Amino acid sequence: MNLLLALLIAFGLGLLAERLGWLRPNTAWAAALVGGLPLWAGGIPAALAVLFLVALGSAASRLNPNSHDRSGRTAFQVLANGLPAALGIALGSPTYFLAALATAAADTLATEVGSHSKTAWHPCKGRVKAGTNAAVSWLGTTALGIGALLFAPWAVLLGVPVWAVVVGGVSGALLDTLLGLWEDRHDWWSNHLTNLLASTAGGLIAVLLTK
């Protein structure tokens, strides 16, 4: 498919996602990049994997009354979670692509589902309120694993090693939690940067595991 056409289709789907409340207003341009590159490089299956992540995140947020993202994802969130994956498949690595998406899915479910826990554990603060940055809970950790596993069927569909995608996704999401500790100590470090680095790392780990 022509790259320009793929970007235009993804932009149109981004506008639809805005109307559905999955994305916040003026976010379609970010969706064009995150969805258009996979559509161009990986075809419809790759584009559907991205849509699956968006739908999964939206559903998880709407089922969490305390979520900050119930009104949809911002453009920066879309880019932080999806651009590493999009660039990965554009450069010819579907393994990297899916592991980066699996990282984003695992982290999203860990956050949204984990906030339903009564308490969580923080490496530096001990027992804290569920939803505290860099804190973990059994419920959130279980959801993290499930989020990564949800991309196993996509790995089969795209013909890449399932185990590498799942391990990369889990590893990237766990790194996201560790990076949260650094985020707490530096005002200039944002959650968007944490998500960007974690998704990138998840993809790289999966690729390295298959070498």
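Located above this text is the structure these notes cover.
Residues numbered from 1 in each chain as written. Predicted model: local features only at pLDDT ≥ 70, side-chain atom pairs only at ≥ 80, totals over all residues. Heavy atoms only, no water.

K.L.:
Can you walk me through the overall build of the chain in this structure?
P.N.:
The helix and strand inventory of the chain stands at eight helices and two strands. Shown N-terminal to C-terminal, the secondary structure of the chain runs as helices and strands in the order α-α-α-α-β-β-α-α-α-α. For the chain, the C-alpha atoms occupy an extent of roughly 50 × 40 × 30 Å along the three principal directions. Expressed as a percentage of its 211 residues, the buried residues of the chain come to 49%. A fraction of 67% describes how many contacts in the chain between residues 6 or more apart in sequence connect residues 24 or more apart. Carbon and sulfur atoms form 70% of the exposed surface of the chain, whose accessible area is close to 10,300 Å². (Helix = DSSP H or I, 4+ residues; strand = E, 2+ residues; numbered from the N terminus. Buried < 20%, exposed > 50% of the residue type's maximum accessible area, 1.4 Å probe, protein only. Contact = heavy atoms within 4.5 Å. Areas by Shrake-Rupley, 256 points an atom, 1.4 Å probe, with all protein chains shown as cover.)

K.L.:
So what exactly am I meant to see when it comes to the nonpolar core here?
P.N.:
In summary, soluble globular proteins display a tendency toward joint burial of nonpolar side chains. One finds Ala 49, Leu 53, Phe 97, Leu 98, Leu 101, Phe 151 and Val 165 to be the most contacted residues of the largest nonpolar core, which totals 32 residues. Elements with a contribution of two residues or more to this core: helix H2 (28–62), helix H3 (75–90), helix H4 (94–114) and helix H6 (152–158). Contacts of Leu 53, omitting those with residues within four sequence positions, involve Leu 101, Ala 104, Ala 105 and Phe 151. Listed in part, the seven residues of the second largest apolar core include Ala 106, Ala 110, Ala 152 and Val 166. (Core = buried A, V, L, I, M, F, W, Y, C linked by side-chain atoms within 4.5 Å.)

K.L.:
Would you explain the side chain of Thr 103 in this entry?
P.N.:
Mapped onto the secondary structure, Thr 103 falls in helix H4. Here Gly 168 takes part through its backbone oxygen, which lies 3.4 Å from a polar atom of the side chain of Thr 103. (Polar contact = N/O pair within 3.5 Å; in protein donor to acceptor, adjacent residues only side chain to side chain.)

K.L.:
Please explain unusual backbone geometry as it appears in this structure.
P.N.:
If a residue is not glycine, its phi is most likely negative; likewise, a peptide bond is most likely trans. Of note, the phi angle at Asn 26 is positive, near 65 degrees, even though the residue is not glycine. As for its placement among the helices and strands, Asn 26 is situated in the loop between helix H1 (3–20) and H2.

K.L.:
Mind showing me how you'd approach the pattern of salt bridges here?
P.N.:
Close approach of charged atoms allows side chains of opposite charge to pair. Under the counting rule described, the total for this entry stands at one salt bridge. Salt-bridge contacts for Glu 112 lead to Arg 73; the nearest nitrogen and oxygen are separated by 3.9 Å. On the criterion of sequence distance, the pair formed by Glu 112 in helix H4 and Arg 73 in the loop between H2 and H3 is long-range, its members being 39 residues apart. Of the two residues, Glu 112 and Arg 73, both sit in the buried class. (Salt bridge = Lys/Arg side-chain N within 4 Å of Asp/Glu carboxyl O.)

K.L.:
Help me understand helix H8 (residues 191–209), please; the structure alone is not making it clear to me.
P.N.:
For the α-helix, the turn length of 3.6 residues means that residues three or four positions removed from each other point alike. Under the 1.5 Å per step criterion, the end-to-end length of H8 is 27 Å for 19 residues, consistent within 8% with the ideal 27 Å. Residues of H8 that are buried: Thr 194, Asn 195, Ala 198, Ser 199, Ala 201, Gly 202, Gly 203, Ala 206 and Val 207. Considering only its buried residues, H8 is in contact with H3, H4 and helix H7 (162–185). (Expected span 1.5 Å × (residues − 1).)

K.L.:
So what exactly am I meant to see when it comes to the packing of aromatic side chains here?
P.N.:
Remark: the centre distance and the inter-plane angle together describe each pair of aromatic rings, the angle taken between the planes. On inspection of all chains with the given rule, the structure shows four aromatic pairs. Relative to Trp 154, the ring of Phe 52 has its centre 5.8 Å away and its plane inclined at 45 degrees; by these criteria the two rings are tilted. Linking Phe 52 in helix H2 with Trp 154 in helix H6, this pair joins segments that are 102 residues apart in sequence. An angle of 70 degrees between the planes, with centres 6.1 Å apart, marks the rings of Trp 182 and Trp 189 as edge-to-face. Among the aromatic residues, ring-to-ring pairing joins Phe 52, Phe 151 and Trp 154 into one connected group. (Phe/Tyr/Trp six-rings, centres within 6.5 Å; stacked < 30°, edge-to-face > 60°.)

K.L.:
Help me understand the pairing of strand E2 (residues 126–129) in this model?
P.N.:
The side chains of a regular strand alternate between the sheet's two faces. Of the strand pairs in this sheet, strand E1 (residues 119–122) and E2 are connected by four bridges, and their pairing is antiparallel. Each bridged residue has a counterpart across the sheet, and for Ala 120 the counterpart in E2 is Val 128. Joining the antiparallel neighbours E1 and E2 is a turn of three residues. (Pairing = 2+ DSSP bridges.)

K.L.:
Help me understand H3, please; the structure alone is not making it clear to me.
P.N.:
Helix geometry: H3 is bent most strongly at Gly 82, by close to 45 degrees, with proline Pro 84 lying one to four residues after it. Burial of H3 is extensive: 12 of the 16 residues sit out of reach of the surface. Listed as buried for H3 are Ala 75, Gln 77, Val 78, Leu 79, Ala 80, Asn 81, Gly 82, Pro 84, Ala 85, Ala 86, Gly 88 and Ile 89. Elements that come into contact with the buried residues of H3 comprise H2, H4 and H8. Following H3 by one or two positions, Gly 92 adopts a phi angle in the positive range, close to 100 degrees. (Bend = angle between axes of the 7 residues up to and from the residue.)

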